Structure formats: C-alpha cells, structure tokens
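Chain residues, written in single-letter form:
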Amino acid sequence: MRPFQYMRPEGLDHAGQLLRDGARPIAGGTNLLDLMKLEVEAPDRLVDINRLPLGGIAPTDDGGVRIGALVTNSACAADLQIRRDYPVLARAILAGATFQLRNMATTGGNLCQRTRCYYFTNIDQPCNKRQPGSGCGAIGGHNRIHAILGASDACIATYPGDMAVALAALHADVEIERPDGTSRTVPVRTFHRLPGDTPDLDNVLEAGEVITAVILPPPAGGTQLYRKVRDRSSYAFALVSVAAVVRMDGDTIGSAALAFGGLAHKPWHDPRVEQLLAGQRPSDALFHQAADLLLEDAEGQGENDFKIPLTRRTLLASLREATGGAA
Amino acid sequence: MQLTINGTAHEFTGDPRTSLLDFLRDGCGLTGTKKGCDHGQCGACTVLVNGQRVNSCLTLAIMQDGHAVTTIEGIGTPDALDPLQAAFVRHDGYQCGYCTPGQICSAKGMLAEAANGWASFVSDNLEGQVELSAEEIRERMSGNLCRCGAYSNIVDAITEAMQAEKVGAA
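Residues numbered from 1 in each chain as written. Chains lettered and ligands numbered in written order. Predicted model: local features only at pLDDT ≥ 70, side-chain atom pairs only at ≥ 80, totals over all residues. Heavy atoms only, no water.

All names here are of chain B. Over its 16 residues, helix H3 (residues 100-115) runs 22 Å from end to end, which matches the ideal 22 Å to within 8%, given 1.5 Å per residue. Taking burial as the measure, the 16 residues of H3 include 13 buried ones, the bulk of the element. Gly117, located one to two residues past H3, shows a positive phi value of around 80°. (Helix = DSSP H or I, 4+ residues; strand = E, 2+ residues; numbered from the N terminus. Expected span 1.5 Å × (residues − 1). Buried < 20%, exposed > 50% of the residue type's maximum accessible area, 1.4 Å probe, protein only.)

Following this line, the structure appears as structure tokens:
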C-alpha cells in the first residue's frame, strides 16, 4: 500500500473542501482498502468520514424513508421498516457479500464500490478505467463477468453491486452535499454512468461532493423480489440479477419497476420494458416480448455470451414469480 | 489514539497504513487472529468490533479509535472454554486450526445477529424470528473459509453450542 496522510474532517463542509482538493473519502473501507493494497487505488490523502453525522434511518415528510450515507448495509437490511415496506432492498443487500463485510460497508460506500473486472484490479494489465488511455484488456480477453448492454469500445466493465439494483427498482434518490454547502438529489437510476470514452468516471459525483443519504419514496407495495444468479450459492457477485417491484391490478399488471445487475456499467433499467408490461395480462408470451425488448441491443463479448439467454430466463422467472405464476 | 482490546486499553501510534489485523498481531502480540488472504475473502481475521463481526484486514487500526475489539484471546480460557470452543473441540470443527479463531469469532457474532432477529439471504421470512437451521448457519458463515473442509463439523459444533446456550438460558 502506498503511503497516505490520514485526515478527519471537522464537519461536512471541511470534508467537502478536502475532497475537492483531491483527497479520497473512506467509510467502511471494505472496497477501498482492498484496492489500495493492490495499488489500484493510491490516494495521497484519506479522509475518514465515519465521525460525520450521516447515520440513521428516518421517515421523510412525504412518507418515504431517508437512509443516512453511513448506515451500514447490515443495519439497513435489519431495519424493521425497510424489511416490511422495502423488502426488495433488504433482500438485495442480504444477497451481497458476507455478514462481516456488511457490518462495515455503508450505504454511500456501497453505491461507490468499483467494478470487479479482472483487468481493473490487476495493475499489470491495461485498463481504461484505472489508467485512461491504456486500453481494455477485457475486450478480446477474459470477459465472463462483463457487460452485455451499454458497453463501449473503451470499457466493458460491470457495476458489481446488489443494493443499488434494488434502489433503482424502487426509484430511490441519492442526496449529495456540494462543497459550497448546497445539496442536490440524483435518481439512483442516473447516478451511475455508462462508460463511453471516460470509463474512469463510475458515477456523476463531482470533486468535493459527498453522498449524505439515500431517499426512498413512499412504499410501493406490490410484490417485491430480488433474484440473483451467481457461480456459487453464497458470497459471489451477480452474473445476472433482477430487482422487481410489481403491482397487480386484478388480472393485469398495474406496474412493473425492474432493474438489472451484472449486465452493464450501471444498474440497468429500460423504461420501454416497464411500459410494455403495464396494463397487460401476465403470460410467458408477454414476458418473452419484454425480454426481446430488453435484450434488443445486447452484445456478448465471447466468454459472457451466456449472459444473454441467462438474462432472459432470469427475467422470465422473476416475472412469473412476481405476477403469481403465469405459464 | 486509543482502542480497547479484550478489555485492555491499547495506544496506537503507528503508520496509518496499518490494518487492525496487523496491529493486533504485530503491535499487540495477539497472534490468535490469523492473516489468510488479507483481502476480506477468507474470514480468518474475523474479530468483533463493538460486538459486531468484521474482517480486521479490511479496516485500518487508526479508524478504530475509541472502539472495543474482541479477539479469540478474549473468548474463553484454556481452563474455561467458551461453549463454542468446547463444541469445536468435541466435534472436530477443524483440522489444521488456522481458520478456527475466525470461525469462532464469526459464530459469536452470528449468534448475536440471530438473537436480534437479523434475516439472511436464505430466510423465507424477513420479519420472523430467526431459527438457525443448518442451511441458515451455512449461509451466515459463508464469509469463513476452511481449506481443510471441516464445514460439516463446524455446523454441528455451532448447532450444539447454540442449543446448549438455549437450554442454559431457559
């Protein structure tokens, strides 16, 4: 690990100033310290934000829930209101990592976790995300875990998390404090970026900005599920995952909010698919149409070609379960 | 900066790069906590911080300012084993023993989580009372690897210790 200066900010403003000047924030540290040991990350200043008042889960005025950025993944999944009203979120969190890691990992940090692309985490390999302009080893290389949607010629990495996929299905917002003390909110659905020609940027956070909370809208109700397909039954990243929040209106689908993990540089969503399903009677024919639309532009890279049929099957299984078992 | 380890105050003045794991082993001589992968994948370094199990390799000692750490040295004694330790001995919950301190700290944390009603990935019901079936134990202990493959005996040991605790509490 490269040497760094360890700092504790006096408050949120001070943290923003330090971060604007190029320091890196550390909260749970489970991803950042791992990457620092590999020298994938080599910050010269580390700002420990754990003592900032960014904890707590509290109701919002409009009937939603505000989850502080420093709330651990364990605490979020264990919260009684989250379990009751936002089960897809609790399920997604419990599907990721281990209890030890979730006891440290935070809500804000989880959003900012970095790709597990083999080339990104190996400093002897080319990677446009880690070192812009060095090339992409995964294109034409080993790419079993890589993107089938939204990739670019510069990067085919995937966003690895589970929590953010559920948040995308729930239409949650990210609350961000700017260094000048003002704040802004960004929908989780647009917080992460597609790689384009700047894959070094994972998300829309700007220098000096700090995530202060995740805001959940009022409970959506309906059937909520998180289906994760992975190489082993525990403690593995998603090859494909689906977060679904489906409300039935009699025999027809009232609404279906869907988000997908393991497919792209961000939690993937496709409003066209959600529109296609709304107001329709559930059937496998309909679900195949949804998969056709979702995967219209899907492109395999060789080793990850299997993800295209796997995504179709996972979507079908999720929709059957969420709508009560159409055949 | 100061932290409490097994009830004793320790000063940390070292390189900020020092992981909690390295501080425990090299700074405090508490070599019961093991370094396996050093990347949070194997769980050999599991300790309890403020009662919760964590990977001590993935946190810096300096970040634990003011916190209370429990390592395997703080659980039971050779003359008075913790029920989990006794059960691991009885059930051969190890071969080489390298993962055992992490397994036992992890199991300690797991029992507390279950008592607090925390669900897991395999729980049917997110809100119900937690019953630690073998399936639940396997899922909840999946952050602790055993290269000798003593898993079935580890599950048996934890199950027995848990039942003994219930009988004791009743």
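This is not the end of the story, as more comes after the structure.
To summarise the sheet geometry, strands pair through backbone hydrogen bonds and adopt either a parallel or an antiparallel arrangement. Residue and element names in this part refer to chain B. Reading across from one edge, S2-S1-S5-S3-S4 is the order of the 5 strands in this open sheet, with mixed pairing throughout. In the strand order of this sheet, the two ends are held by strand S2 (8-11) and strand S4 (52-55), each with one partner. The average undirected angle you get between the axes of adjacent strands in this sheet is 40°. In this fold helix H1 (residues 20-27) packs onto strand S1 (2-5), S2, strand S3 (46-49) and strand S5 (68-70), with an angle of close to 70° to the strand it touches most, S1. Across the face of the sheet, H3 comes into contact with S3, S4 and S5 while running at roughly 40° to S3. (Pairing = 2+ DSSP bridges. Axes fitted to C-alpha atoms, helices over the stretch in contact; angles between N-to-C directions. Contact = heavy atoms within 4.5 Å.)

Residues and elements named next belong to chain B. Residue position: Ser56 is located in the loop between S4 and S5. On the accessibility criterion, Ser56 (0% relative accessible area) is buried. With sequence-adjacent residues up to four places away left out, Ser56 is seen in contact with Ser19, Leu20, Leu21, Leu24, Thr33, Cys45 and Val47.

If you walk through the whole model with that rule in mind, you get 28 salt bridges over all chains. Here Arg8 of chain A ties to Asp65 of chain B by a salt bridge, and the two come within 2.9 Å at their closest N and O atoms. Of this pair, Arg8 of chain A sits in the loop between strand S1 (5-7) and helix H1 (12-20) while Asp65 of chain B sits in the loop between S4 and S5, on two different chains. Classification of Arg8 of chain A by relative accessible area gives partly exposed; the value is 31%. According to the relative accessible area criterion, Asp65 of chain B is partly exposed, its value standing at 21%. Residues Asp284 of chain A and Arg320 of chain A are paired through a salt bridge, measuring 2.7 Å at the closest nitrogen-oxygen approach. Residue Asp284 of chain A is located in helix H11 (residues 284-294), and its partner Arg320 of chain A is located in helix H12 (residues 307-323); the two are separated by 36 residues in the primary sequence. Arg320 of chain A gets classed as partly exposed once you look at its relative accessible area, which sits at 30%. Put simply, Arg24, Glu41, Arg114, Lys129 and Asp202 of chain A are held in one network by salt bridges that share partners. (Salt bridge = Lys/Arg side-chain N within 4 Å of Asp/Glu carboxyl O.)

Below, the discussion takes up the nonpolar core. Residue and element names in this part refer to chain A. Ranked by size, the top nonpolar core spans 53 residues in total, and within it Ile67, Ile82, Leu89, Leu111, Leu167 and Leu216 carry the most contacts. At 7 residues, the largest contribution of residues to this core is made by helix H8 (residues 163-169). The residues contacting Ile82, other than those within four sequence positions of it, are Val65, Ile67, Cys76, Pro87, Leu89, Ala90 and Leu216. (Core = buried A, V, L, I, M, F, W, Y, C linked by side-chain atoms within 4.5 Å.)

Turning to the domain arrangement of chain B, a few remarks are in order. Residue and element names in this part refer to chain B. Entries for chain B in the domain assignment read domain 1 (2-74) and domain 2 (83-169). In total, about 1,300 Å² of surface goes out of reach between domain 1 and domain 2, with carbon and sulfur atoms giving 55% of it. Put simply, domain 1 and domain 2 have 1 salt bridge between them. With a closest N to O distance of 2.6 Å, Glu113 and Arg53 form a salt bridge. (Domains from an automatic or database assignment. Buried area = accessible area lost by both parts, 1.4 Å probe.)

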